[in-house]
Amino acid sequence: MNPHLDKLQSYPFEKLRQLFAGSTPNPAFKPISLGMGEPKHPTPAFIRQALVDNLDGLACYPVTAGSEALRNAIASWLERRYGLPPLDRATQVLPVNGSREALFSFAQTVIAPDTGALVMCPNPFYQIYEGAAFLAGAEPYFVNSDPARNFAPDYDSVPEEVWQRVRLLFICSPGNPTGAVLTLTDWENLFALSERYNFIIAADECYSEIYHGAEPPLGAMQAAHILGLTRAGEPYARLVVFSSLSKRSNVPGMRSGFVAGDAQVLKQYLLYRTYHGSAMGPHVQAASVAAWDDETHVEENRAQYRAKFAAITPLIQEVLDVQMPDASFYLWADVSRTGLSDTEFARRLHAEYNVTVLPGSYLARDAHGSNPGRNRIRMALVAETGEGLEAARRIVQFCHQLNKP
Ligand SMILES: Cc1ncc(COP(=O)(O)O)c(C=O)c1O
């Protein structure tokens, strides 16, 4: 067996199952889950139709690089969304079966195993980064996010000898679970570090289309373009972005996303994927073209999230310290003022009010003397507004109950 498998932690939802084991949720309440970050808005009819209309494709093996139509749809979307100069469809974009498998397999491609390589991860973080690092034969190095700087990872705290061993850096903007978006200055700093220490940046942008302010979140390729890093001979050098239709278009089951950026790196990644056998089904490719080509359904989806956040956030703010995120569908709330730890908060809320939330400490690791998820909970506002409001009312009631002598 691969010895690195032993290093994998149980997934946060498994930890949650264990936390809830032995307590029966209050049967007076119907269960509501704000636990899993799974989109729940309906899949647009035209995407379903495009899947059905293209079932003839099942009779052929697809190529790993994807159809020209899909690569063109992805590149055109990137150009429109981020104001980028024309991208080379053949070398700068690649379809993937959702960003999760891509984040994982990308690490297997770019890390030389068992050479003492470090993979830098934000903390808290999307759990795949850590597993991808271990199975690539590297070690994760966690950089705690700083709530005082809109949860940006504190890269200034990283020692020189650590930077020298970093081969890959995962960054998530908009972040899961914080919803925070990196600024142009953050990117400038990261690009300079990547050049100085020669590591690859894997920028996870799967929440880019669910935002709450007037301006869409800045993307990594957009930042590189604005900073003039696309003019030289090697555009987007050492930068690869990961995006997905799952949240943007409410198709988490379709498994469709893309990677884009540094052509040299993507060439090697395509080679890896060819052997790994991860081509996208032709019907999924066709439906993905339809989805990337349309913005109307994305605007409607965003409007639904905005209405939901506007209704629910003020209620939660009555009892917990929480701010509107820049983007994403999560509230990342501090429960310190309730006097309960994040795990105890989640356990009792589930037992007494049948509402599931995720303890923040399950989404982070102990690093540099603290766990930055401790005393926080993540609430995924994915269900219908009515259900979310009902959950919020129960949370308010629960917190008021706690304050009673
Ligand atoms: C931060 C982050 N990245 C990537 C993914 C993977 O999404 P998908 O594989 O559906 O594209 C998720 C899913 O929840 C996520 O939260």
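Values in this document were obtained by computation on a predicted structure and should not be read as measured data.

What to know about the sheet that holds strand β13 (residues 376–380)
- Pairing is antiparallel in the open sheet, where three strands are placed in the order β10-β13-β12. Looking at which strands have only one partner, the edges of the open sheet turn out to be β10 (330–334) and β12 (358–359).
- One ladder, built from two bridges, connects β12 with β13; its direction is antiparallel. Bridging from a neighbouring strand, L358 pairs with R378 of β13.

Section: the side chain of N301
- With respect to the helices, strands and loops of the structure, N301 is situated in helix α12 (residues 296–317).
- Judged by relative accessible area, N301 falls into the buried class, the value being 3%.
- In this structure the side chain of N301 is engaged in a polar contact, spanning 2.7 Å, whose partner is the side chain of H41.
- Dropping the residues within four chain positions of it, N301 is found in contact with H41, K247, R248 and N250.

Details of the domain arrangement of the chain
- For the chain, the assigned domains read domain 1 (3–42 + 297–403) and domain 2 (45–294).
- For domain 1 versus domain 2, the distance between C-alpha centres works out to 26 Å.
- Counting residues at the interface gives 38 residues for domain 1 and 45 residues for domain 2.
- When domain 1 packs against domain 2, the two sides together hide about 3,600 Å² of surface, and 56% of this comes from carbon and sulfur.
- Looking at the side of domain 1 facing domain 2, the largest losses of area belong to H297, D326 and R365, adding up to 18% of the total buried there.
- Counting across the domain 1 and domain 2 interface gives two salt bridges.
- Taken together, the links from domain 1 to domain 2 amount to 25 residue pairs in polar contact (both at pLDDT 80 or more).
- Among the elements of the structure, α12, β10 and β13 are those that each provide at least two residues to the side of domain 1 that touches domain 2.
- For the side of domain 1 that touches domain 2, the element with the most residues is α12, which contributes seven residues.
- For the side of domain 1 that touches domain 2, the residue count by class is 20 nonpolar, 10 polar and eight charged.

Considerations on the pattern of salt bridges
- All chains considered together, the criterion is met by 17 salt bridges.
- Across the pair E139 and K7 runs a salt bridge whose closest N-O atoms are separated by 3.8 Å. Placement of E139 in strand β4 (residues 139–146) and of K7 in the segment before α1 (12–20) is noted, with a sequence separation of 132 residues between them.
- Note on K7: relative accessible area 32%, which makes it partly exposed.
- As a salt-bridge pair, R196 and E160 come within 3.7 Å of each other at their nearest N and O atoms. Taken together, the residues R196 in helix α7 (residues 184–197) and E160 in helix α6 (residues 160–163) connect sequence positions 36 residues apart.
- Each of E390, R393 and R394 takes part in one network of salt bridges that share partners.

Some remarks on the packing of aromatic side chains
- Considering all chains together, one arrives at 21 aromatic pairs under this definition.
- Connected via pairs of aromatic rings, a cluster forms that spans F29, F345, Y353 and F398.

Section: the site of the ligand
- Taken together, the neighbourhood of the ligand is formed by 14 residues, with D204, S244, S246, K247 and R255 sitting nearest.
- In the complex, the protein chains occlude 92% of the 400 Å² of accessible area that the ligand would expose alone.
- The cavity where the ligand resides is the largest pocket.
- Looking at the shell around the ligand, the elements with two or more residues in it are α4 (99–110) and α9 (245–248).
- Its residues assigned to classes, the shell around the ligand comprises five nonpolar, five polar and four charged.

So, empty space enclosed by the protein
- Scanning the entire structure with this criterion turns up two cavities of 30 Å³ or more.
- If you add up the space inside the largest cavity, you get close to 140 Å³.
- The wall of the largest cavity is formed by 17 residues, among which P122, F151, C172, G175 and T178 lie closest to the centre.
- Elements supplying a minimum of two residues to the lining of the largest cavity: β3 (118–123), β5 (152–153) and β6 (166–172).
- Put simply, the second largest cavity is a space of about 30 Å³.

Analysis parameters
- Residues numbered from 1 in each chain as written.
- Predicted model: local features only at pLDDT ≥ 70, side-chain atom pairs only at ≥ 80, totals over all residues.
- Heavy atoms only, no water.
- Pairing = 2+ DSSP bridges.
- Helix = DSSP H or I, 4+ residues; strand = E, 2+ residues; numbered from the N terminus.
- Buried < 20%, exposed > 50% of the residue type's maximum accessible area, 1.4 Å probe, protein only.
- Polar contact = N/O pair within 3.5 Å; in protein donor to acceptor, adjacent residues only side chain to side chain.
- Contact = heavy atoms within 4.5 Å.
- Domains from an automatic or database assignment.
- Buried area = accessible area lost by both parts, 1.4 Å probe.
- Salt bridge = Lys/Arg side-chain N within 4 Å of Asp/Glu carboxyl O.
- Nonpolar A, V, L, I, M, F, W, Y, C, P; charged D, E, K, R; others polar.
- Phe/Tyr/Trp six-rings, centres within 6.5 Å; stacked < 30°, edge-to-face > 60°.
- Near = heavy atom within 4 Å.
- Areas by Shrake-Rupley, 256 points an atom, 1.4 Å probe, with all protein chains shown as cover.
- 1 Å grid on protein atoms, 1.4 Å probe; cavity = no way out; pocket = protein on both sides within 12 Å on 5 of 7 lines; lining within 4 Å.
- Sits in = over half its atoms within 2 Å of the grid points.
- Points joined across faces, edges and corners; volume = space filled by probe spheres on them.

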